[in-house]
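# Residue-level structural notes
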Amino acid sequence: MKPTDPSITWLEEKPLGLAERLYLPLFVSGLTTTARHLVSPKVTVSFPEQRPKVGNPLIYRGVHRLNRDDEGRVKCVACFLCATACPAHCIDIVAAESPWPDREKYPESFHIDELRCIFCGMCEEACPVDAIELTSLLDLTGKSREEMIFDKEKLLSVYDMTKDAEPMKSAALGGTL
Amino acid sequence: MPVVIVDGQEIEIGADERLNCIEAARRAGKEIPHYCWHPGLSVVASCRMCLIETGQRDAATGKITMVPKLVPGCQTPVKDGTVIVTESETVKASRARVEEALLIDHPIDCPICDKAGECLLQDYHFQHGQPERRADLHPFSSRKRDVGPTVTLFVDRCIMCTRCVRFTREVAGTAELMVTSRGAKEEIDVFPGHPLDNKLAGNVVDLCPVGALGDKDFLYQQRVWFLKREANVCGGCAAGCSIHTEHNQDTVYRLKPRENPHVNTWWMCDEGRYGWHHLHDPARVLEAGRRADHARGSKAAFEPVEWAEVVTRLRSDLKQAGRLAVAVSPFLTVEEAWMLCGIARSIDPEAFLAPGFVPVAGDDETFPGGFTIRGEKCPNRRGVEGVLAQFNAGGRSWGDLLAHVAAGQADAAWITGGYPTPWLDDVTAGMFAALKAVVVQDLFDSPLTAHATWRLPAAGFAERAGTWVNVAHRAQCFEAAIRAPAGVWPEGRLYWNMLGRRGLYDPTAVRRQIAESSAAFAALAGDVPAVGIDLRIQQLAST
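Residues numbered from 1 in each chain as written. Chains lettered and ligands numbered in written order. Predicted model: local features only at pLDDT ≥ 70, side-chain atom pairs only at ≥ 80, totals over all residues.

## Some points on the overall build of chain B
Heads up, the rule is: Think of it this way: any DSSP run of H or I at least four residues long counts as a helix, any run of E at least two long counts as a strand, and we number them from the N terminus. Remark: C-beta atoms are placed from the backbone, and a residue is labelled buried if 20 or more other C-beta atoms sit within 10 Å of its own, exposed if 12 or fewer do, or partly exposed between those counts. The contact rule is simple: place each C-beta atom from the backbone, and if two of them lie within 7 Å, those residues are in contact.
Scanning chain B from N- to C-terminus turns up 14 helices and 26 strands. A total of 543 residues make up chain B; the buried ones form 46% of that total. When contacts within chain B are restricted to residue pairs at least 6 apart in sequence, those whose partners lie at least 24 apart make up 66%.

## Things to note about the sheet that holds strand S25 (residues 474–478) of chain B
In sheet architecture, strand pairing relies on hydrogen bonds along the backbone and comes in two forms, parallel and antiparallel. Residues and elements named next belong to chain B. This is how the line gets drawn: Between any two strands, at least two bridges found by DSSP are needed for them to pair.
An order of S24-S25-S26 is seen for the three strands of this open sheet, with the pairing classed as antiparallel. Lying at the two open borders of the sheet, with one neighbouring strand each, are strand S24 (466–469) and strand S26 (533–534). Examined bridge by bridge, S25 and S26 share two bridges and lie antiparallel to one another. Following the sheet pairing, Ala475 is matched in S26 by Ile533.

## Describing the pairing of strand S3 (residues 51–57) of chain B
All names here are of chain B. The pairing of S3 with strand S5 (residues 71–72) spans two bridges and is antiparallel. The partner of Ile52 across the bridge, within S5, is Val71. Relative to strand S6 (residues 82–85), S3 runs antiparallel, the two being bridged by four bridges. The residue bridging Gly55 from the neighbouring strand is Val83, located in S6. In this antiparallel pair of consecutive strands, S3 and strand S4 (residues 64–66), the connection spans six residues, and Gly62 shows a positive phi of 80°.

## Observations concerning the interface of chain B and chain A
Test applied: Asp, Glu, Lys and Arg are counted as charged, while Ala, Val, Leu, Ile, Met, Phe, Trp, Tyr, Cys and Pro are counted as nonpolar; the rest, among them Gly, fall into the polar class.
Counting from both sides, the interface comprises six residues of chain B and, opposite them, 13 residues of chain A. Split by residue class, the side of chain B that touches chain A holds four nonpolar, one polar and one charged.

## Comments concerning the sheet that holds strand S8 (residues 151–154) of chain B
All names here are of chain B. Put simply, the test is: Helix axes are fitted only over the stretch in contact, all axes being lines through C-alpha atoms; the angle between N-to-C directions runs from 0 to 180 degrees.
Read across the open sheet, the three strands follow the order S7-S8-S11; overall the sheet is antiparallel. Across the chains shown, the open sheet's two edge strands, defined by having one partner strand only, are strand S7 (144–146) and strand S11 (213–215). Strand after strand, the sheet turns through a mean of 30° between neighbouring axes, direction not considered. In this sheet, S11 lies alongside S8 in antiparallel orientation, the contact comprising three bridges. In the strand pairing of S11, Val151 is matched with Asp215.

## Thoughts on the pairing of strand S3 (residues 105–113) of chain A
All names here are of chain A. Here strand S2 (residues 91–97) runs beside S3; their pairing, made up of seven bridges, is antiparallel. Each residue of the ladder has a partner; that of Glu97, found in S3, is Lys105. Where S3 meets strand S5 (residues 149–150), two bridges bridge the pair, whose relative direction is antiparallel. Looking at the pairing, Asp113 lines up with Ile149 of S5.

## Observations concerning the packing of helix H8 (residues 334–347) of chain B against helix H9 (residues 381–390) of chain B
Residue and element names in this part refer to chain B. Cut-off, in case you're wondering: For classification purposes, an angle smaller than 35 degrees is called roughly parallel, one larger than 145 roughly antiparallel, one from 65 to 115 roughly perpendicular, and anything else oblique. In this scheme the crossing of two helices becomes right-handed for a clockwise turn of the near helix relative to the far one and left-handed for an anticlockwise turn of less than a right angle.
Put simply, H8 and H9 touch, their axes get as near as 9 Å, and they point 30° apart. Accordingly, the angle class assigned to the pair H8 and H9 is roughly parallel. As H8 runs across H9, the sense of the crossing is right-handed. Residues Val334, Ala337, Trp338 and Cys341 of H8 touch H9, and the partners they reach there are Gly383, Val384, Val387 and Leu388. Taken together, the residues of the contact of H8 with H9 break down into seven nonpolar, one polar and no charged.

## Notes on unusual backbone geometry
All names here are of chain A. Here the amide bond leading from Phe47 into Pro48 is cis, since omega sits at 5°, within 30 degrees of zero. With a phi angle near 55°, Ala78 is a residue other than glycine that sits in the positive phi range. In this structure, Ala78 sits in the loop between strand S1 (64–66) and helix H3 (81–85). On the neighbour-count criterion, Ala78 (26 C-beta atoms within 10 Å) is buried. Its identity as a non-glycine residue notwithstanding, Phe119 has a phi of 50°, on the positive side. Structurally, Phe119 is set in the loop between S3 and helix H4 (122–126).

## Focus: the environment of B:Phe444
With respect to the helices, strands and loops of the structure, B:Phe444 is situated in the loop between strand S22 (437–442) and strand S23 (454–457). Put simply, B:Phe444 and B:Arg95 are 349 residues apart on the chain and 54 Å apart in space, counted from C-alpha to C-alpha.

## A word on the environment of B:Leu388
Residues and elements named next belong to chain B. Turning to its location among the elements, Leu388 is positioned in helix H9. Counting along the chain gives 57 residues from Leu388 to Phe331, while the straight-line C-alpha distance between them is 14 Å. Setting aside its immediate chain neighbours within four residues, Leu388 contacts Val328, Cys341, Leu353, Pro355, Ala393, Gly394 and Arg396.

## Some points on the packing of H8(B) against helix H12 (residues 491–498) of chain B
All names here are of chain B. Packing of H8 against H12 brings their axes to within 9 Å, and their N-to-C directions diverge by 35°. As for the relative orientation of H8 and H12, their crossing is left-handed in sense. Contacts between H8 and H12 involve Glu335, Glu336, Met339, Leu340 and Ile343 from the former and Glu491, Gly492, Tyr495, Trp496 and Met498 from the latter. The residue makeup of the contact of H8 with H12, split by class, is six nonpolar, one polar and three charged.

## Here's the deal with the domain arrangement of chain B
Often, the extent of an interface is quoted as the loss of accessible area upon association of its parts. Residues and elements named next belong to chain B. Using the following cut-off: Either an automatic procedure or a domain database provided the assignment from which the domain bounds are taken.
Examined at the domain level, chain B breaks down into domain 1 (3–87), domain 2 (138–280) and domain 3 (289–542). Put simply, the middle of domain 1 and the middle of domain 2, counted by C-alpha atoms, are 30 Å apart. Residue-level contacts link nine residues of domain 1 with twelve residues of domain 2. Among the residues forming the side of domain 1 that touches domain 2, the class breakdown is five nonpolar, four polar and no charged.

If you want it as structure tokens, here you go:
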């Protein structure tokens with residue numbers, strides 16, 4: 001778009017009025033803000049002794065989990081759509097023929113590099129079977145890089161750990177599965 | 001010249017060309033969607049996707065009379081004055097209805113379907129389908145049926161175009177596949193006890209416009225949108241089929257035939273299709289090694305040598321040994337063979353040059369559709385022989401080289417390979433035991449390795465760049481699809497450096513040089529089209 005484009009409206013800056021030129025009223029209004037924050041309640045949390053309050057767990061984007069179906073099997077069908085959608089290329093899946101008759105393939109291995117992940121939630125959005133979800137777990141620590149590459153078992157255990165506090169999102173968000 | 005009018009655009013076609021509406025429209029840049037029609041198979045006009053409006057322009061008055069109903073484009077030949085309308089509202093509505101009808105019985109399991117991303121049903125739905133689905137969704141899975149050792153059929157995904165059935169009947173001539181039941185219950189199946197196991201079986205997977213036929217070798221390995229493709233040439237036999245090597249992160253996942261009317265038309269054989277697994281075999285020779293003369297025959301290991309050192313030391317070793325004999329493998333490209341001969345003659349001006357061993361397995365096998373699998377299991381015998389003729393070593397064979405060595409006329413030998421399968425017996429290999437220096441450059445260890453003083457790795461077919469000349473003297477140029485494994489210099493790179501040339505190995509520069517210096521390869525002087533060049537025709541034209 002060029003500066004001469006007719007869809008651009010150019011505005012002139014208004015000349016300063018008497019109050020602005022006196023400087024004092026603006027000075028007072030600034031100091032008022034400062035004073036208000038001095039007396040208002042504190043919002044800083046002393047993490048980790050104090051836990052921050054997560055707003056809506058349905059839309060919070062924390063550590064991933066792999067959901068299980070009714071029979072306790074991994075829900076994932078190894079379609080690679082999360083890996084395709086992932087902008088950080090942190091998901092690595094090896095697909096294999098599924099041992100169960102009701103589905104064609106399943107993930108033989110499923111790795112997420114939590115250090116590489118940018119927690120954008122695209123994987124969750126891409127998943128056609130609501131198998132991968134982001135929980136509201138937010139403190140993610142580990143002693144080595146290897147430890148931070150979560151495998152299938154680890155991701156399933158995150159589900160086991162969080163399933164009571166956070167049921168599968170799909171029902172609440174109008175999912176079909 | 002006959003004139004065809006496609007959507008108001010007049011195009012000329014050849015006087016004796018027999019085109020249908022799809023082909024004629026393609027000339028005008030209009031793609032008519034189709035499932036069941038394939039240029040290499042008979043016409044059945046069963047999918048109804050290519051329905052279009054046609055008419056005829058009266059030559060005398062110029063008045064156009066349209067056919068009152070839609071006709072299948074695949075079945076309607078064009079002639080002078082044929083009018084084709086591919087974009088009218090009637091045609092569009094018809095396509096949307098066909099798409100809807102096909103999708104009623106389709107499981108829509110695209111996320112777990114291996115065809116997703118290269119599926120015509122998917123593509124056409126986005127291009128020609130309607131956004132809303134009026135039918136219920138079927139279960140999110142497809143019944144699976146084993147139809148042969150390499151092919152799996154996903155029954156519910158099939159749209160009954162019968163391309164696969166026609167292929168086995170018309171091209172492979174084995175007719176394993178058939179249609180069972182009738183109407184809405186139609187299914188593809190094999191006759192009991194007769195699985196789909198002919199040598200061209202893999203082509204039915206390429207032909208399948210949807211995800212119904214899956215290649216067991218590729219199934220679940222990789223989603224197709226991760227794959228990158230490089231135009232390559234199959235190194236499995238002397239036919240030199242044009243292929244696409246599909247790879248990701250330097251790993252080959254599958255080979256697909258590339259259309260080339262002069263070589264393989266649309267097909268390739270299963271032997272070639274699955275003949276890439278040796279590229280990733282852990283047993284491959286992966287580093288250059290040298291050992292002293294006295295250590296041969298024993299189990300003494302090769303000492304690894306840096307490639308920069310190989311370039312100088314190999315030359316001095318061979319020079320020291322004396323009279324040189326070189327086997328130029330039929331797996332080398334023309335460029336590599338030419339450089340190798342040049343190096344050999346610069347080391348020993350009297351060097352004995354001969355073609356390497358030519359593996360042969362049975363006779364040529366021609367199928368009813370005209371496709372031929374060659375018995376000669378190497379891609380470039382013609383090219384190597386042409387290069388050798390240029391170095392006054394024409395008309396020789398691997399046997400001549402063995403006789404030359406047996407007669408004690410050589411002190412050193414440089415045996416190039418690239419053979420994906422074992423090719424040499426212990427007795428033949430033993431003939432090289434007495435030589436002072438033996439350089440073995442091959443993909444895998446062979447009995448010859450025991451007698452080698454130098455062991456050099458070779459590149460696999462997808463790792464080479466250059467030109468191969470097939471059985472019909474057609475030269476096809478190609479680039480490397482993947483990089484050779486770490487530690488391996490492809491032959492071209494080694495020879496390029498041994499010749500003291502600067503920069504990266506450039507097969508095109510070498511090719512130009514060969515074309516300038518040789519009448520046999522003169523046709524390669526300019527840019528070579530993707531379908532290759534017939535060297536003989538160019539020779540006839542130049543004489």
